[in-house]
Number of protein chains: 2
Amino acid sequence: MDAVFMALADATRRGMIHRLSEGPATIGELGRPFAISKPAVTKHVKMLERAGLVTRRKDGRVHHCKLNAKPMKEAEDWIEKHRKFWEGSLDRLASLLDEPERE
Amino acid sequence: MDAVFMALADATRRGMIHRLSEGPATIGELGRPFAISKPAVTKHVKMLERAGLVTRRKDGRVHHCKLNAKPMKEAEDWIEKHRKFWEGSLDRLASLLDEPERE
DNA sequence: GTTATTGTTAACACTATGGTTAACAGTGTG
DNA sequence: CACACTGTTAACCATAGTGTTAACAATAAC
């Protein structure tokens with residue numbers, strides 16, 4: 001989870017994810033929009049992989065990357081669960097009003 | 001956005017958010033579950049504040065912290081938007097089938 | 001007015017990020 | 001074979017993150 005949020009905490013990597021959300025891309029394509037060197041691209045993609053957000057298939061000398069939704073889903077669920085603290089409070093209040101005998 | 005995901009990229013801070021999702025807490029209460037020093041707690045809370053996830057009200061010598069859902073919502077929306085690349089692909093395909101004249 | 005409590009600031013160490021350049025491995029292409 | 005292309009590794013630099021201890025500010029309590 002640390003790795004996922006860490007991977008998302010960088011505008012360049014979010015840009016790469018944005019690109020990948022439109023379909024697979026090569027390392028070169030992922031790095032092109034950003035004014036960074038090739039090793040920098042390698043590192044960013046490596047972090048995305050480490051977080052499980054991206055998988056890679058090597059085809060000749062070209063590496064094709066694609067997005068993996070699962071860790072994003074987990075991160076989203078975590079946020080959603082903890083974001084709804086207010087609704088949660090309302091729910092607990094409602095429970096008290098509706099079913100005062102429970103618990 | 002960087003600050004929000006960065007704030008979430010640490011288990012200690014996620015624990016603090018978890019605690020705050022159950023209601024306001026003091027700095028001491030936020031730090032107690034973790035085996036870290038007081039300055040470390042101060043820094044973590046400061047990062048949560050910097051990300052806009054937490055607001056603080058000083059009452060005497062005690063600082064009361066509470067969660068602010070807005071940045072969490074934005075982060076969640078970003079993920080959701082980019083997580084649905086597959087559904088998005090299906091949607092675009094459907095659009096092509098339904099309205100081939102558009103675009 | 002001491003003394004305890006709550007929290008912050010300052011100074012330091014260690015590690016990780018994000019970037020660079022230079023050199024290299026592997027794969028196509030003339 | 002020589003050359004260009006794609007991407008990685010190695011070595012380095014600067015900055016930021018995570019933690020510490022020690023000292024301090026401010027408030028509460030005796």
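Values in this document were obtained by computation on a predicted structure and should not be read as measured data. Starting from 1, residues in each chain are numbered consecutively following that chain's sequence as written. Labels are handed out in written order, letters beginning with A for the chains and numbers beginning with 1 for the ligands. The model is predicted, so local features are restricted to residues of pLDDT at least 70 and side-chain atom pairs to those at 80 or more, both for listing and for counting; the totals for chains, interfaces and linings are taken over all residues. By convention in this description, side-chain values take in all heavy atoms of the structure and omit both hydrogens and water.

## A look at the relation of the copies chain B and chain A
Piece 1. What sets the superposition is a least-squares fit of C-alpha atoms, and only residues with pLDDT of at least 70 in both copies go into it. With an axial shift of 0.0 Å and an RMSD of 0.0 Å, the rotation relating chain B to chain A amounts to 180°. Given the turn and translation reported, the copies of this chain are related as if by a two-fold rotation axis.
Piece 2. Any two residues whose heavy atoms approach within 4.5 Å are treated as being in contact. Interface residue correspondence from chain B to chain A reaches 100%, placing this contact among same-surface, isologous pairings.

## Considering the packing of helix H2 (residues 11–20) of chain B against helix H4 (residues 38–50) of chain B
All names here are of chain B.
Piece 1. Running from N to C, H2 and H4 point in directions that differ by 70°, and their axes come no closer than 10 Å. Looking at the two axes, H2 sits roughly perpendicular to H4. Side by side, H2 and H4 meet where Thr12, Arg13, Met16 and Ile17 of the first sit next to Val41, His44, Val45, Met47 and Leu48 of the second.
Piece 2. Gly counts as polar in this scheme, as do all residues outside two lists: the nonpolar Ala, Val, Leu, Ile, Met, Phe, Trp, Tyr, Cys and Pro, and the charged Asp, Glu, Lys and Arg. Class assignment for the residues of the contact of H2 with H4 results in six nonpolar, two polar and one charged. Angles shown run from 0 to 180 degrees and are taken between the N-to-C directions of axes, each axis being a line fitted to C-alpha atoms and, for helices, limited to the stretch in contact. In this description a helix means any DSSP run of H or I spanning at least four residues, a strand means any run of E spanning at least two, and both kinds are numbered starting from the N terminus. Throughout, the term roughly parallel applies to angles under 35 degrees, roughly antiparallel to angles over 145, roughly perpendicular to angles from 65 to 115, and oblique to all others.

## Let's talk about the side chain of His82(A)
Piece 1. Positionally, His82(A) belongs in helix H5 (residues 69–83).
Piece 2. The buried label applies to any residue whose accessible area, calculated with a 1.4 Å probe on protein chains only, is under 20% of its type's maximum; exposed applies above 50%, and partly exposed to all values in between. We classify His82(A) as buried; its relative accessible area is 2%.
Piece 3. Beyond its immediate stretch of four places on either side in the chain, His82(A) contacts Ile17(B), His18(B), Ser21(B), Leu67(B) and Met72(B).

## Quick look at the protein's contact with DNA strand D
Piece 1. What makes a residue near a molecule or strand is one non-hydrogen atom of that residue sitting within 4 Å of it. Of all residues adjacent to DNA strand D, which total 26 residues, the nearest are Thr42(A), Arg56(A), Ser37(B), Lys43(B) and His44(B).
Piece 2. Within 4 Å of the protein, the contacting atoms of DNA strand D are 63% sugar and phosphate, with bases supplying the remainder.
Piece 3. Polar contact is the term for a pair of N or O atoms within 3.5 Å; when the atoms are in protein, one must be able to donate a hydrogen and the other to accept it, and sequence-neighboring residues count only if both atoms are side-chain atoms. Here Thr42(A) contributes a side-chain N or O atom positioned 2.4 Å from a phosphate oxygen of DNA strand D.
Piece 4. The separation between a base oxygen of DNA strand D and a polar side-chain atom of Arg61(A) is 3.0 Å.
Piece 5. Contributions of two or more residues to the surface near DNA strand D are made by helix H3 (27–31), helix H4 (38–50) and strand S3 (62–67) of chain A together with H4 of chain B.
Piece 6. It is H4(B) that provides the largest number of residues to the surface near DNA strand D, a total of six residues.
Piece 7. When its residues are assigned to classes, the surface near DNA strand D shows nine nonpolar, seven polar and 10 charged.

## With respect to the packing of aromatic side chains
Piece 1. Note on aromatic pairs: the rings of Phe, Tyr and Trp (six-membered ring only in Trp) are paired at centre separations within 6.5 Å, and the planes decide the class, stacked below 30 degrees, edge-to-face beyond 60, tilted for the rest. Following the criterion strictly, the structure yields three aromatic pairs over all chains and no others.
Piece 2. Between Phe5(A) and Trp78(A), the aromatic rings sit 6.4 Å apart at their centres with planes inclined by 75°, giving edge-to-face as the arrangement. Of this pair, Phe5(A) sits in helix H1 (residues 2–8) while Trp78(A) sits in helix H5; the two residues are 73 residues apart in sequence, bridging distant segments of the chain. Like Phe5(A), the residue Trp78(A) is buried in the burial classification.
Piece 3. Clustering of aromatic rings is evident, with ring pairs tying together Phe5(A), Trp78(A), Phe5(B) and Trp78(B).

## A closer look at the pattern of salt bridges
Residues and elements named next belong to chain B.
Piece 1. The rule for a salt bridge is simple: a side-chain nitrogen of Lys or Arg has to be within 4 Å of a carboxyl oxygen of Asp or Glu. Under the definition given, this model contains 12 salt bridges over all chains.
Piece 2. Of the charged contacts in the structure, one is a salt bridge between Glu29 and Arg19, with a shortest N-O distance of 3.8 Å. Linking Glu29 in helix H3 (residues 27–31) with Arg19 in helix H2, this pair joins segments that are 10 residues apart in sequence.
Piece 3. Given a relative accessible area of 32%, Glu29 falls into the partly exposed group.

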